[in-house]
Amino acid sequence: MDMRRISRSFKVVAAVLFSGICMSQLQAQSFLSDYFETAAAAIPNRLTLSVFEEIRYNDNIHDSATNKIGSFINEAGISLDWYKNYENGKYGLVGDISYEYYDKDSHDENEFKWNLSPFILGGVDVFGEDRLMFTLSSRSANEKFDSSNTKHAKRIDNTAGVTYDMLRFAHWGVAFSAKYDNRRYTDSEFKNHSYQKYTFGVAPYYNLTEKIKLGINSSYKEREYTNNKSHDDSKTYTIAPFIDYRQSKQFSVHLGGGLSRTEYKGRSKNTKGDGEWEPVANLTFRYYPVSNFFLSYISSLEWEDSGSGRGGRVAYFNSLRATWQITRRISFSPGVSVDVQDERNSLYDTTEYTAFANLDYKISERFSTYLGYEYEHTKYKYLPSRDYEVNEIWLGVKLTY
């Protein structure tokens, strides 16, 4: 579960880097928000390597409404938090590598896992004092495939992105972006759902003040599946005005909203939503009211391919998270999220509610322990017999070098 994994390594000092680079693994958000946040981040040089061991209990490992199976889960691994400033920019790497062992259904669930996101951002002198940022990420996952099929599917997500920000003039700029996504399912049952995605974006903006940017984010995206047995290829056009406000290092808001149009090929053509302009929006809010407290809120409204059949659906996601450094040794990280899937061509409309909390106690300078809990409740709008709940509790120890 993503929120639980993030809570383990989340620290206030690294919040900007971690959320700016890795949050797309929670939900898609504007590349501009990621870029502006990373460019504005002021984090001291750091290099920390941690070894962790975690014991969890999950009472419904298959996300099932009936015949629930509970399992103890043992996870051991290493995590890295690296950030380096240099004369014209910065670079870094955050992530973890681990092995997960289930005492039940081990032949399906046991696996090596990783979640790695390196980046580099620097100045380039092409048309002036421009900026260039490269990002990479690689993640393995063993999670439910979709609301229509809650079987766990093993997959690997790899992405590569580049953003070029042309800063030739004082009051305006243009951010160009290109991104490649590759999702590959390794189980034969789900291989038909593997795809590649190419996204290109152009975002001219105007610096209204030193703190406020106004602009228009336009993008073109192509999605190509391994074959057309389950899904069809598509093209998506998006145009969305935005405002980016950075009052200080302690407060920032990025808000974008507009329209998106997806055109399908094959049997998805002429399904509900095909070729229609749909609303899209994204909001990223981050706030440091005091040095020991961090609050973030992310909201997104987007059109995405359905997992239950041909065509697409509207996805609406909201996440609120906080980290409170109660004392020098104790920190508390709670969070809640709501994920709504509004299917246009099937009956698998769902609303997923999630709440979690993690308490971290620093025993010494290098050694810490943590305890946490997460609750997930998924409700089906038209198929209430499929509703299910998941409870997970964990206890871990971490040694940091």
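Numbering of residues begins from 1 in every chain and follows the order in which that chain's sequence is written. Under the rules for a predicted model, residues below a pLDDT of 70 receive no local features and side-chain atom pairs below 80 are neither given nor counted, while totals for whole chains, interfaces and linings still include all residues. To get the side-chain values, all heavy atoms of the structure are used, and hydrogens and water are removed first.

**Overview of the overall build of the chain**
Turning to step 1, where the next piece is worked out: Helix and strand assignments come from DSSP, with helices taken as H or I runs of at least 4 residues and strands as E runs of at least 2, each series counted from the N terminus. Helix and strand counts for the chain come out as four helices and 18 strands.
Turning to step 2, where the next piece is worked out: All radius of gyration figures rest on C-alpha atoms, and the globule criterion is 2.2 Å times the number of residues raised to 0.38. Computed over the C-alpha atoms, the radius of gyration of the chain is 21 Å, within 12% of the 21 Å expected from 2.2 N^0.38 for a compact globule of 401 residues.
Turning to step 3, where the next piece is worked out: Structurally, the chain occupies a C-alpha span of about 65 × 60 × 30 Å along its principal axes.
Turning to step 4, where the next piece is worked out: Burial classes: relative accessible area under 20% of the type maximum marks a residue as buried, over 50% as exposed, and values in between as partly exposed (1.4 Å probe, protein chains only). Within the span of the chain, comprising 401 residues, buried residues form 48% of the whole.
Turning to step 5, where the next piece is worked out: When the accessible surface of the chain is split by element, carbon and sulfur atoms take 59% of a total near 18600 Å².
Turning to step 6, where the next piece is worked out: Asp and Glu are treated as the negative residues and Lys and Arg as the positive ones, with His and the ends of the chain left uncounted. By convention, the charge on Lys lies at NZ, on Arg at CZ, on Asp at CG and on Glu at CD. Counting 49 positive and 52 negative side-chain charges, the chain places the centres of these two groups 2 Å from one another. What sets the accessible areas is the Shrake-Rupley method with a 1.4 Å probe; for residues, cover comes only from the shown protein chains.

**Topic: the nonpolar core**
Generally speaking, nonpolar side chains in soluble globular proteins are found buried as a group.
Turning to step 1, where the next piece is worked out: Here, nonpolar core means buried Ala, Val, Leu, Ile, Met, Phe, Trp, Tyr and Cys residues that are tied together by side-chain atoms lying within 4.5 Å of each other. Core analysis: the biggest nonpolar cluster contains 13 residues, and L32, F36 and F242 have the highest contact counts within it.
Turning to step 2, where the next piece is worked out: Those elements that provide at least two residues to this core are helix 3 (31-40), strand 4 (111-125) and strand 8 (195-207).
Turning to step 3, where the next piece is worked out: The element best represented in this core is helix 3, accounting for three residues.
Turning to step 4, where the next piece is worked out: By definition, residues are in contact when any of their heavy atoms lie within 4.5 Å. Once residues within four sequence positions are removed from consideration, F36 is found in contact with Y205, K213, F242, D244, R246 and H254.

**Here we look at unusual backbone geometry**
Turning to step 1, where the next piece is worked out: One non-glycine residue with positive phi stands out, namely D63, at about 50 degrees.
Turning to step 2, where the next piece is worked out: Relative to the assigned elements, D63 resides in the loop between strand 1 (46-58) and strand 2 (71-86).
Turning to step 3, where the next piece is worked out: Classification of D63 as buried rests on a relative accessible area of 8%.
Turning to step 4, where the next piece is worked out: Phi is positive for N270, close to 75 degrees, though the residue is something other than glycine.
Turning to step 5, where the next piece is worked out: By the element assignment, N270 lies in the loop between strand 11 (251-264) and strand 12 (277-290).

**Digging into the pairing of strand 5 (residues 129-146)**
The side chains of a regular strand alternate, first on one face of the sheet and then on the other.
Turning to step 1, where the next piece is worked out: When DSSP finds at least two bridges between two strands, those strands are taken to pair. Bridge count for strand 5 against strand 6 (residues 149-166) is 15 bridges, and the pairing is antiparallel. Opposite M133, over in strand 6, you have T163 as the bridge partner.
Turning to step 2, where the next piece is worked out: The hairpin formed by strand 5 and strand 6 contains two residues between the paired strands.

**Quick word on the packing of aromatic side chains**
Turning to step 1, where the next piece is worked out: Aromatic contacts are taken between Phe, Tyr and Trp rings whose centres are within 6.5 Å, Trp giving its six-membered ring; a plane angle under 30 degrees counts as stacked, one over 60 as edge-to-face, and the others as tilted. Tallying each qualifying case throughout the model produces 20 aromatic pairs.
Turning to step 2, where the next piece is worked out: A ring pair is formed by Y245 and F251, whose centres lie 6.0 Å apart and whose planes are at 70 degrees; its orientation type is edge-to-face.
Turning to step 3, where the next piece is worked out: Arranged with centres 5.8 Å apart and planes meeting at 85 degrees, the rings of F251 and Y287 form a pair that is edge-to-face. One end of the pair, F251, is in strand 11; the other, Y287, is in strand 12, with 36 residues separating them in the sequence.
Turning to step 4, where the next piece is worked out: What links up through ring pairs into an aromatic cluster is the set Y35, F36, Y205 and F242.
Turning to step 5, where the next piece is worked out: Positioned above the aromatic ring of F36 is the side chain of K213, whose terminal nitrogen or guanidinium carbon lies 5.2 Å from the ring centre.
Turning to step 6, where the next piece is worked out: Ring-over charges, as used throughout, are those where CZ of Arg or NZ of Lys falls within 6 Å of the ring centre and within 35 degrees of the ring normal. Here the guanidinium or amino end of R223 rests over the ring plane of Y195, the centre of that ring lying 4.5 Å away.

**Observations concerning a nonpolar patch on the surface**
Turning to step 1, where the next piece is worked out: A grouping of L49, V51, I78, I97, Y361, I363, F367, V397, L399 and Y401 is seen on the molecular surface, where their side chains present a nonpolar patch of about 800 Å² in accessible area.
Turning to step 2, where the next piece is worked out: You can see V397 is positioned in strand 18 (residues 388-400).
Turning to step 3, where the next piece is worked out: Looking at V397, the relative accessible area reads 33%, which means it is partly exposed. Exposure above 30% relative accessible area and the lack of any salt bridge qualify a residue for a patch; like charges then connect within 9 Å, and the nonpolar side chains Val, Leu, Ile, Met, Phe, Trp and Tyr within 5 Å. Should a side-chain nitrogen of Lys or Arg be within 4 Å of a carboxyl oxygen of Asp or Glu, the pair is scored as a salt bridge.

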